[in-house]
Amino acid sequence: MEEASGFLQKFLEWAEVFGPKLIGAIIVFVVGLYIVNYLSGMVSKVLNKRGIDVSLQSFFSSLVGVGLKVLLLISVAGMLGIQTTSFIAVIGALGLAVGLALQGSLANFAGGVLILVFKPFKVGDLIESNGQTGVVTEIQIFNTVLLTAENKTVILANGAVSNNTIVNFTRHGNLRVDITMAVAPDADLTAAKSVALKVLEDHEFVLKDPAPSVNVLKIADGMVTLAIRPYASPDHYWDVFFSIQERVRDAFANNKIAGPVPTRVIINKT
């Protein structure tokens, strides 16, 4: 009986000292958990309103939630009298070790975040980056996937993409197709330009605005080189590039506009 009475007395003393701390810690934990969930939801809503990618919304919402929950647990442990300095040191050391081990992956992740937030291109755009040209099929957290004109799948690290020049052929809505064709030096330039321009105006894929143009680019090497400049949508770029040359060549032949004749000058020194 005396042992039981002594144990009960010690328990009551412990409860008197530790009870308020425990109750306060439980209240702080419950209220804090509610606030953390609310803030995580708010982050997701704000990112959604700003049009941030869904994958980033989920990631940042989870990141904020996990970070705040860790801080909440450390705070509750401190309220219970647990020394938290060692926990903070361990978390900091662990974070440093992970960061050093995943430098390349973190760089690619940061690049992916920048691409998804600032949107220099989107899925479906035709871009050139790091010496590769293709249509963007996927923008992942760590990589960007391109499909080239040869139907090759190219996977680019987002760190390299975000830190290098990106050429977006789609964003403006049209591309100028640069074509050069030559005629004989004694050909009627006015007629040649008129014939070529008529071909451009009649082509089904050449845009009316901006208007196509035909100008003399160079007079040299026994020929007159014409700069033929139609505009096309990115989807029809190669259709215009190849078919215009065929149609202009046929139109020149039908209108008796002579092409250049290769010449060679031979000098004999005796």
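Residues numbered from 1 in each chain as written. Predicted model: local features only at pLDDT ≥ 70, side-chain atom pairs only at ≥ 80, totals over all residues. Heavy atoms only, no water.

Draft legend 1. Local environment of helix H7 (residues 237-254). With 18 residues, H7 should cover 26 Å at 1.5 Å per step; its first-to-last C-alpha distance of 26 Å lies within 8% of that length. Looking at H7, one finds that the buried residues are Tyr-237, Val-240, Phe-241, Ser-243, Ile-244, Val-248, Ala-251 and Phe-252. At its buried positions, H7 is contacted by strand S6 (175-176), strand S7 (179-183), helix H6 (189-202), strand S9 (223-229) and strand S10 (231-232). Positive phi shows up at Lys-256, right after H7, with a value of about 55°. (Helix = DSSP H or I, 4+ residues; strand = E, 2+ residues; numbered from the N terminus. Expected span 1.5 Å × (residues − 1). Buried < 20%, exposed > 50% of the residue type's maximum accessible area, 1.4 Å probe, protein only. Contact = heavy atoms within 4.5 Å.)

Draft legend 2. Fine view of the sheet that holds strand S8 (residues 213-220). Pairing is antiparallel in the open sheet, where 3 strands are placed in the order S7-S9-S8. Looking along the sheet, the strands with just one partner apiece sit at the ends: S7 and S8. Within this sheet the neighbouring strands show an average axis-to-axis angle of 30°, counted without direction. Sheet analysis places S7 next to S9, joined by 5 bridges and oriented antiparallel. Across the sheet, residue Ile-179 finds its bridge partner in S9, namely Ile-228. Contacts from H6 reach S7, S8 and S9, with the element oriented near 140° to S8. Along the sheet, H7 contacts S7 and S9; its crossing angle with S7, the most-contacted strand, is approximately 15°. (Pairing = 2+ DSSP bridges. Axes fitted to C-alpha atoms, helices over the stretch in contact; angles between N-to-C directions.)

Draft legend 3. Up close: the UniProt feature "transmembrane region" (unreviewed entry) in the chain. Feature annotation in UniProt places "transmembrane region" (unreviewed entry) on residues 22-39, 59-82 and 88-118, given in this structure's numbering. Helix and strand shares over residues 22-39 are 100% and 0% respectively, and the end C-alpha atoms of the span are 25 Å apart. (UniProt positions renumbered as here; feature names shortened; annotations may be inferred.)

Draft legend 4. Up close: the pairing of strand S2 (residues 132-139). The sheet contact formed by strand S1 (residues 126-129) and S2 spans 4 bridges and is antiparallel. Across the sheet, the residue bridging to Glu-128 is Thr-133, located in S2. Counting the residues between successive antiparallel strands, the hairpin from S1 to S2 contains 2 residues, one of them, Asn-130, with a positive phi of roughly 55°. Two strands pair when backbone bridges link them, and S2 and strand S3 (residues 143-147) are joined in this way by 4 bridges, in the antiparallel orientation. Note that in S3 the partner of Ile-139 across the bridge is Thr-144. The hairpin turn running from S2 into S3, its antiparallel successor, is 3 residues long.

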